[in-house]
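Now for the letters of each chain:
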Amino acid sequence: MGCMLRSDLMSLCEIFIQPECAFEVLSRLGETGNVQFLDMTPDVKAFNRSYIMELCGCVEMERKLIYMQGEMMKDNIDIPPLEVEPQALPLNEMKSLDNLLEKWESEVQDLSDNQVALLKNYLELSEMYYVLTHIGNLLGDTELTSESLFGKASSAGDGSAGHLTVMCGVVQRSRCFPFEMMLWRVSRGNIYYRQAADDAFLQDPQTGQELRKVAFLAVFQGEALSSRMEKVCNGFRVNVYSCPETIDERMDMLHKLDVRIGDLEKVIRKTKYHRCKALVTIARQYSTWIAQIKKAKAIYHTMNMFTLDITRRCLIGQCWVPDLDLPIVKEVLETCSEEMESNVPSFISKTETSLTPPTYHRTNKFTRGFQALINAYGDSTYGELNPGLYTVITFPFLFSVMFGDVCHGVILFAFGAWMVKSEKKFLGKPSTNEIWNIFFGGRYVILLMGVFTLFTGFLYNEYFSKPITLMTPYWKNTFTREEIEKNQYITLNPVFETNSPYIFGVDPIWKLAKNKIMALNSLKMKLSIIIGIVHMIFGLSLSLLTICNYFKRHYAIYLEFIPQMLFLCGLFLWLVILMYMKWFLYSGKTTDLKTGAGCAPLILILFIDMVLASTSKPVEEDCDAYMFEGQEGLQSILVLVSLVCVPILLFGSPVYLNRYNKKRKEEALKKISNFRKYQRIDSDKKEEQSILDEIEKYSTSFGELMIHQAVHTIEFVLSTISHTASYLRLWALSLAHEQLSEMLWVMIFAKLALRDTSSMGPIKIFLIFAIWAVFTLSILVIMEGLSAFLHTLRLHWVEFMSKFYHGGGYPFKPFNFRSILSGDAKDDKEGICKRRAKTEY
């Protein structure tokens, strides 16, 4: 698991590279992925840097490839995946590849433009053919003249009625009704309007999407009305076509259109063939080209972070490197210098810094999913204890406490095992489905959640809400058959004869008991409190490792850690001890009245009386109020110790730090006074600044320290109570999951199918089982599983990690080609080149 307990040790290094071998060095460092470069010239504008021309050349080539990829997607042309990952595109090959891509882009663009023009012409001819075919059926043998439509009497008039206009065309089906209503309103009903019976399904030449249109015929009279109709057609983007007046002319035009459409289809097929042929040729090399260009672009972007030393003729950069990877980086520099036959070898050297290093946890495919859960909350501060290592066990366990069912665990385990078994297949073909990527990234988390759910489901004796009897139950029937038939409910008294204890989890006889909810409530509630308090104590214990081993705040052991542990254990660990004492000291089989189940004190009442410093009363007159002699005095001492810890937490650290800061500040002031007295050269400015930073560090006021510590003390005291109550979600979700599973079984499967003894019973069982399985998978496994997952995540982020984890660091992001090619790295190079172009213009 590498250094998953804490971050890898990091060093800030200065790297000196000769310009002639800089490209090759960064190419190999990108393959290893163990160096994070820092920007040495943050004040220099991006478009004024040394390698901006090469960077923008790569951006332009990438733009051309992305354009051609979009054209491939339109024609559903598959791009073969990379078999062997290529090296970055060197500078001497960049010009030739740029010319080649420019040639291909020009050819594809010309073919695409020609195809769009042909498709547009084809669309117009198809629409016109459709109009003549369907409008011709509406007209029949009618001639579109005034004499044929209105008779000779109308044509013999003075012409005051206006010129007759016949308009036909196509309108989109989604706009046909508003279009018709608008024509009626504009013409005030003086229009003859008809639509075709069948719609036409055409193709948009630009997007390739399907268009649904319908043909229409409109006949109206008057020049003014004709101009208004044209405006309406323009507003609705209606294509209007001229319709021949006689049937012979219409038939002749249909014949001509048929011939032209046939010829155009042949030309379109030929153009599409040549276009697809060009795109298939590009697709064979696309993956290689895009990988080479992305790598080269990343290299030039990184080279722009270096500063150029003209006197020594070398590139100087700063980078964070894990100490374990320093030999690898040195070997890369030496190898490249030898292969490039450089006169001056490239080298790397450590440098002192006051900057906080980035955090780097080495993970593998198993631990990566668990570490991602922690990083979603916040990255560890450098040197801080990493909760991801313990989450490998605690996360699936707490999930299983809420999700305990053997059969549901089998489903989770099977799903996780399938993803693990097929991981090579899915890793080779990354998906764009974000939900699937989340599930696949957490495949080992799901696998372990399934394994732990099998364990807790076995303890709960839950198999789709039904118990399984693996041995003779503890309860033994002492009633006759007549007594059982006479009474609807019977009571099994443990005082009477019983069998051996049931050792495989919950006794299956509880499923038949009337008070099973009460019994399981008590059991799971107490277990959730016990698990929660142990989990919080474990988290608080981990804070000791953070305080001592790395941050060296030894005063916090006595002023923070020990008081916090005494407060938590004095109250809540004692609550756990009381639960175990009640289980072991009181029994339902004993004949002694004071140690019987009826005299067992209520733990909650005892705890409340303990905190309120009041005397507890016995449950019954003949019973004892406490479990053992001297319990009241011991509880008073525990409460007193817990109360004393609060002022220690509140005032201890501020008082100590105030005295410590004053002492260190006085020493620093004396140091700066002596330093300024004997300062002679400008190089001492750096040392002077470090002393000034030290003075500022120890200048925190007592009031600020008190406010900070008061917030932490109040938060700890209150959160101890609220966090303990928060672990009751383990009990609540477990009981809800069990009851929902039982309801689905009883109300759907048993009631609707299993109770049917007729000949239709097997058919009902088959059909109802399918319905029950769908509900079980969708509600109980997926929805309940997500709910339990989120609650488990909250228990880790808030209740557990708040005891020792701050998460105030920032992650180590090395220069890595793998993350660049997968699209994880942020890319703003295209924006830089656009801004540069605008500035030059």
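In this numbering scheme, every chain counts its residues from 1 along its sequence in written order. Totals for whole chains, interfaces and linings use all residues, but because this is a predicted model, local features are given only for residues with pLDDT of at least 70 and pairs of side-chain atoms are given and counted only at 80 or more. Calculated side-chain values reflect all of the structure's heavy atoms, with hydrogen atoms and water omitted.

1. Thoughts on the overall build of the protein
To keep it simple, the criterion reads: Every helix listed is a DSSP run of H or I at least four residues long, and every strand listed is a run of E at least two residues long, numbered separately from the N terminus. Here's how the labels work: a residue is buried when its accessible area is under 20% of the maximum for its type, exposed when over 50%, partly exposed in between, all with a 1.4 Å probe on protein chains only. Here, two residues are considered to be in contact whenever any of their heavy atoms come within 4.5 Å of each other. All accessible-area figures derive from a Shrake-Rupley calculation using a 1.4 Å probe, and residue coverage is judged against the displayed protein chains alone. When charges are counted, neither His nor the chain ends are considered; positive counts come from Lys and Arg and negative counts from Asp and Glu. Working definition for charges: the position is that of NZ of Lys, CZ of Arg, CG of Asp or CD of Glu.
From N to C terminus, the protein includes 26 helices and 10 strands. Based on the C-alpha atoms only, the size of the protein along its principal axes is roughly 125 × 105 × 55 Å. By the burial criterion, 44% of the 841 residues in the protein qualify as buried. Restricting to contacts in the protein with at least 6 residues of sequence separation, those with at least 24 account for 81%. Surface exposure of the protein reaches about 47000 Å², of which carbon and sulfur atoms provide 59%. Taking the 88 positively charged and 92 negatively charged side chains of the protein as two groups, their mean positions are separated by 2 Å.

2. Remarks on the pattern of salt bridges
Condition: A pair is scored as a salt bridge if a Lys or Arg side-chain nitrogen falls within 4 Å of a carboxyl oxygen belonging to Asp or Glu.
According to the stated counting rule, one finds 28 salt bridges in the structure shown. Where Arg173 meets Asp199, a salt bridge forms, and the shortest distance between an N and an O atom there is 2.5 Å. Here Arg173 is found in the loop between strand 3 (164–172) and helix 6 (176–187), whereas its partner Asp199 is found in the loop between strand 4 (192–195) and strand 5 (200–203), with 26 residues between them in sequence. The buried category is assigned to Asp199, whose relative accessible area is 16%. Salt-bridge contacts for Lys350 lead to Asp323; the nearest nitrogen and oxygen are separated by 4.0 Å. With Lys350 in strand 10 (residues 347–350) and Asp323 in the loop between strand 9 (314–322) and helix 9 (326–340), this pair connects stretches of sequence that are 27 residues apart. The class for Asp323 is partly exposed, based on a relative accessible area of 26%. Taken together, the salt bridges that share partners define one network made up of Glu71, Lys74, Asp75 and Arg275.

3. Focus on the packing of helix 6 against helix 7 (residues 223–235)
What counts here: Orientation is described by axes fitted as lines to C-alpha atoms, over the contacting stretch for helices, and by angles from 0 to 180 degrees between their N-to-C directions. Angles are sorted into four bins: roughly parallel if under 35 degrees, roughly antiparallel if over 145, roughly perpendicular if 65 to 115, and oblique for all others. Two helices crossing with the near one rotated counterclockwise from the far one by less than a right angle form a left-handed crossing, whereas a clockwise rotation gives a right-handed crossing. Throughout, the ten residues Ala, Val, Leu, Ile, Met, Phe, Trp, Tyr, Cys and Pro are labelled nonpolar, Asp, Glu, Lys and Arg are labelled charged, and all others, Gly among them, are labelled polar.
Two elements in contact, helix 6 and helix 7, have axes separated by 10 Å at closest approach and are oriented at 155 degrees. Comparing their axes, helix 7 and helix 6 come out roughly antiparallel. The way helix 6 lies across helix 7 gives a crossing that is right-handed. For the pair formed by helix 6 and helix 7, the contact residues are Phe179, Met182, Leu183, Val186 and Ser187 on the first element and Leu225, Arg228, Met229, Val232 and Cys233 on the second. Taken together, the residues of the contact of helix 6 with helix 7 sort by class into 8 nonpolar, 1 polar and 1 charged.

4. Some points on helix 11 (residues 388–402)
Applicable threshold: Every helix has an expected span of 1.5 Å times one less than the residues it contains. Note on bend: at a given residue it equals the angle between the axes fitted to the 7 residues ending there and to the 7 starting there.
With 15 residues, helix 11 should reach 21 Å at 1.5 Å per residue; the first-to-last C-alpha distance of 21 Å fits that figure. Taken as a whole, helix 11 carries its principal kink of about 30 degrees at Thr394; the proline Pro396 stands between one and four residues after it. Helix 11 sits mainly inside the fold: 12 of its 15 residues count as buried. Among the residues making up helix 11, those that are buried are Gly388, Tyr390, Thr391, Val392, Thr394, Phe395, Pro396, Leu398, Phe399, Ser400, Val401 and Met402.

5. What to know about the confidence of the model for the protein
Convention followed: A residue's pLDDT is the predictor's confidence in that residue, given on a scale from 0 to 100.
The predicted model of the protein has a mean per-residue pLDDT of 85, with 90% of residues at 70 or higher. Ignoring residues within four places in sequence, the model shows residues 152–161, a span with pLDDT below 50, making 3 contacts including any to other chains.

6. Remarks on the packing of aromatic side chains
The condition that has to hold: Centres within 6.5 Å make a pair out of two Phe, Tyr or Trp rings, where for Trp the six-membered ring is used; the pair is then stacked when the planes are under 30 degrees apart, edge-to-face when over 60, and tilted otherwise. To sit over a ring, a charge needs its Lys NZ or Arg CZ within 6 Å of the ring centre and within 35 degrees of the ring normal.
Scanning all chains against the criterion turns up 43 aromatic pairs. Ring plane angle 20 degrees and centroid distance 4.7 Å describe the contact between Phe16 and Phe347, whose orientation is recorded as stacked. Taken together, the positions of Phe16 in strand 1 (residues 10–17) and Phe347 in strand 10 put the pair 331 residues apart, joining distant regions of the chain. The exposure class of Phe347 is partly exposed, given its relative accessible area of 42%. Through successive ring pairs, a cluster of aromatic residues spans Phe415, Trp418, Phe426, Trp436, Phe439 and Phe440. It is Arg443 that lies over the ring of Phe440; its NZ or CZ is 4.3 Å from the centre.

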